[in-house]
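Understanding the architecture of this molecule
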Amino acid sequence: MALSRAERCLVLLLRLLSRAFLLLLRLAARASTALAPGPRTLTPLAGAPPTRCVPPPGQPLLQLSAGQLARRIRRREVKCTDVVQAYIKRIEEINPLVNAVVKDRFDAALEEAHHVDKLLSEGHGDEDALQEKFPFLGVPFTVKEAFALHGMPNTSGLVSRRNLISTSDALVVSRLKQAGAIPLGVTNCSELCMWYESNNNVYGRTNNPYDLQRIVGGSSGGEGCVLGAACSVIGVGSDIGGSIRMPAFFNGIFGHKPTTGVVPNDGQFPNALGVRTEFLCTGPMCRYAEDLEPMLRVMAGPGVRKLKLDEKVSLEKVKFYCMEHDGGSVFVSPVDREILQAQRKVVEHLETRFGVQVQHITIHKMKYAFQIWSAMMSSRDSDGQEAQLFTDLLGDHGKPVWPLWELMKWFLGMSLHTIPAIALALTEKLMKLNPGGNAKLVSMGHSLRTEMMNLLGTDGMLLYPSHPIVAPKHYSPLGMPFNFAYTAVFNVLGLPVTQCPLGLSSEGLPLGIQVVAGPHNDHLTLAMARYLEKAFGGWVCPGKS
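All values reported here derive from a predicted model rather than from experimental measurement.

Our next topic: the overall build of the chain. Along the backbone of the chain there are 17 helices and 13 strands. Across the 545 residues in the chain, those meeting the buried criterion constitute 59%. For the chain, the proportion of contacts with a sequence separation of at least 24, taken over those separated by at least 6, is 77%. Put simply, the chain shows about 22600 Å² of open surface, and 55% of that area lies on carbon and sulfur atoms.

Structure below.
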């Protein structure tokens, strides 16, 4: 299904237009900066030049995994209030720089921490009983603002919802609270969770803790940011096109997109309808690989029975496959040299350490990942129901939104919506003009899923880039808007994927890799995440070379 000459010309024209538009945005941003106070920068010492990253955490409690914190709290080795207070102090220090926590519940969190300390002081239950009942007893966590958290806003960056306050908890949030975890607040996302820069007209823009001039990813970008900046230790994200894995990659942490249908999506806005229920996944985000599996068990609840988390994984018996790029799609950027080098180091390490042969493969259909994802997102479900229109979500089922009119209003500074949301609404209209081509792409997607399942089986893993470039500068995604295809394709394939950090680039920006397995073989990718953390160091705090 090669592109015709006309299609290639159209792609090149779109690239030129998007880059010209990006230049205009940057000029406008510079002008607004000249007229108004800019974002804060850090000056660690008098007379020293400003640094572009946040300071490393000084409090030792901030550098422990959720499992370690829960263990120390259960054993009365540390007070829960001290742990929660340490994270509150860290957020208060860092959030003015990154704008990740958009609403906190610090007073309520401290009160809940006091209850934990009181419970322990009164000797309720031994350590084993407490661990079984409350695996995350006293552990602070944060939640993507798209999920309902009682008493917190739930706008998903939509201006028309800015006064909405949740009166209940999303199911996964409720399960984590029942497991003893204490929510600190909610974190920023992109408008309606459908763009990979976390910026909206309700809360503004979130900055990357490794370089404040760069993006945190989206849509779970605020969540990725607070975890990478050591303002939280575990968090809740959702993923329909890479919304867990891109922020995890850009912020140097772990993120897991489970097999479809394992973790419930209830209680988030927007939720998936129609065919998109097969693509949207709720999953864990964290700084330490050891926390992924316990989080997944809690978040999945009864759905965890679909997985094989109790099976022991022997990596020397796994069949490893590797792809270094998608095959050269004209819609996405070439893969950065340092990202390729990091992936090759993983391959060399596996072959040396386990004596395995990592097979380099070419899956030709991956070249059409963006087109396949777009077509399948807009397709009908098995009952013939059409996918929900993004323009309906923009209007929040109220007054209709007309994308061209909103674009004109945006140029005049009058639109309530962000330019990525308006562009997506326009793209949605264009997709409907070619139903025959979309049907072929949907068929290609089903064929690709079968090919991938046959390849991976129950004992195979694929190593694949998380994104073609490291965290780009603010607004840059508008110049190359389809780079998210590297993560998005696995949503429509329904495969479990874990994003794993692999140290920092020469610019001090996080590197990483996606590890993919067959359906319901999440235990393989989680085991690989734990191993890669030991072999390559895992999370590296901002500012460390």
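Our next topic: the packing of aromatic side chains. Within a pair of aromatic rings, the relevant descriptors are the distance that separates the centres and the angle that separates the planes. Tallied over the full model, the rule gives twelve aromatic pairs. For the ring pair W195 and Y196, a centre distance of 5.0 Å and an interplane angle of 45° mean the geometry is tilted. Of the residues examined, W195 reaches a relative accessible area of 15% and is grouped as buried. For Y196, a relative accessible area of 3% gives the class buried.

As a further point, take the pattern of salt bridges. Under the definition given, this model contains 15 salt bridges. Between E293 and R297 there is a salt bridge, and its shortest N-O distance comes to 3.0 Å. Of this pair, E293 and R297 both sit in helix α9 (residues 292-300), separated by four residues, roughly a single helical turn. Among the residues examined, E293 registers a relative accessible area of 17% and is labelled buried. Given a relative accessible area of 31%, R297 falls into the partly exposed group. Residues participating in the shared-partner salt-bridge network are R52, D211, R214 and E507.

What follows is about the nonpolar core. Counting residues in each nonpolar core, the largest one holds 163 residues, and the members touching the most others are F136, M452, L462, F490 and M528. It is helix α3 (residues 80-98) that contributes the most residues to this core, ten residues altogether. The residues contacting L462, other than those within four sequence positions of it, are Y321, C322, M323, I361, M452, L456, F490, Q514, V515 and V516. Counting residues in hydrophobic clusters, the runner-up holds nine residues, among them L158, F269, L393 and A421.

This part covers the sheet that holds strand β9 (residues 319-322). The strand order across the open sheet built from eleven strands is β1-β3-β2-β6-β8-β7-β12-β13-β11-β9-β10, with neighbouring strands paired in mixed fashion. Two strands in the sheet have a free side with no partner beyond their single neighbour: β1 (101-104) and β10 (359-360). Two strands pair when backbone bridges link them, and β9 and β10 are joined in this way by two bridges, in the parallel orientation. Among the inter-strand pairings, C322 is bridged to a residue of β10, identified as H360. The sheet strands contacting helix α7 (residues 221-228) are β1, β2 (140-144), β3 (182-187), β6 (234-239) and β8 (281-286), and the helix crosses β6 at an angle near 150°.

On the surface, W402, W405 and M408 cluster together into a nonpolar patch covering about 410 Å² of accessible area. With respect to the element layout, W402 can be found in the loop between α12 (390-394) and α13 (403-411). For W402, a relative accessible area of 55% translates into the label exposed.

Let us now look at a negative patch on the surface. On the surface, a cluster of negative charge is contributed by E92, D104, D107 and E111. As for its position among the elements, D104 is in strand β1. With relative accessibility at 37%, the residue D104 sits in the partly exposed group.

On to the packing of helix α10 (residues 337-354) against helix α17 (residues 522-536). Between α10 and α17, whose axes approach to 12 Å, the crossing angle comes to 95°. Classed by the angle they form, the pair α10 and α17 counts as roughly perpendicular. Contact residues: K345, V346, H349, L350, R353 and F354 in α10; M528, Y531, L532, A535 and F536 in α17.

Working definition of a disulfide: a covalent bond connecting the sulfur atoms of two cysteines. Considering all chains together, one arrives at zero disulfides under this definition. Considering cysteine sulfurs only, C53 is the nearest to C541, which forms no disulfide, with 8.9 Å between them.

On to the pairing of strand β7 (residues 254-257), then. Residues in a regular strand project their side chains so that they alternate between the two faces of the sheet. Every second residue of β7 is oriented toward a common face, with F254 and H256 on one face and G255 and K257 on the other, all of them buried. With two bridges joining them, β7 and β8 adopt antiparallel strand pairing. In the sheet register, G255 faces β8, and the bridge partner there is M285.

This part covers the environment of H124. Mapped onto the elements of the fold, H124 is located in the loop between α4 (106-121) and α5 (127-133). Those residues in contact with H124, other than ones at most four positions away along the chain, are R76, L119 and L130.

Okay, the environment of F106 next. Along the chain, the position of F106 falls in helix α4. Along the sequence, F106 and K89 sit 17 residues apart, while their C-alpha atoms lie 10.0 Å from each other. Residue contacts for F106: discarding those within four places in its chain leaves I88, I91, E92 and L184.

Next up on the list: unusual backbone geometry. The amide bond that connects G218 to the next residue, S219, takes the cis arrangement and shows omega of 5°. Here S219 shows up in the loop between β5 (204-205) and α7. F269 connects to P270 through a cis peptide bond whose omega is -5°. Tracing the chain through its elements places P270 in the loop between β7 and β8. If you check the backbone angles, S156 has positive phi at about 55° while not being a glycine. Tracing the sequence through the fold places S156 in the loop between β2 and α6 (171-178). A relative accessible area of 0% places S156 in the buried class. Positive phi values are uncommon outside glycine, yet A230 reaches one of about 60°.

Taking burial as the measure, the nine residues of α9 include seven buried ones, the bulk of the element. Where α9 is buried, its residues meet α6, β6, β7, β8, β12 (497-504) and α17. Downstream of α9 by one or two residues, G301 has phi in the positive range, about 60°.

Once that is clear, we can look at the confidence of the model for the chain. Taken residue by residue, the chain gives an average pLDDT of 90. The fraction at 70 or more is 90%. Here residues 31-50 scores under 50 on pLDDT; set against residues more than four positions off or in separate chains, the count is 15 contacts.

Calculation rules
Residues numbered from 1 in each chain as written. Predicted model: local features only at pLDDT ≥ 70, side-chain atom pairs only at ≥ 80, totals over all residues. Heavy atoms only, no water. Helix = DSSP H or I, 4+ residues; strand = E, 2+ residues; numbered from the N terminus. Buried < 20%, exposed > 50% of the residue type's maximum accessible area, 1.4 Å probe, protein only. Contact = heavy atoms within 4.5 Å. Areas by Shrake-Rupley, 256 points an atom, 1.4 Å probe, with all protein chains shown as cover. Phe/Tyr/Trp six-rings, centres within 6.5 Å; stacked < 30°, edge-to-face > 60°. Salt bridge = Lys/Arg side-chain N within 4 Å of Asp/Glu carboxyl O. Core = buried A, V, L, I, M, F, W, Y, C linked by side-chain atoms within 4.5 Å. Pairing = 2+ DSSP bridges. Axes fitted to C-alpha atoms, helices over the stretch in contact; angles between N-to-C directions. Patch = residues over 30% accessible without salt bridge, like charges linked within 9 Å, V, L, I, M, F, W, Y side chains within 5 Å. Lys, Arg positive; Asp, Glu negative; His and termini not counted. Charge placed at Lys NZ, Arg CZ, Asp CG, Glu CD. Parallel < 35°, antiparallel > 145°, perpendicular 65-115°, else oblique. Disulfide = S-S within 2.5 Å. pLDDT = per-residue confidence, 0-100.

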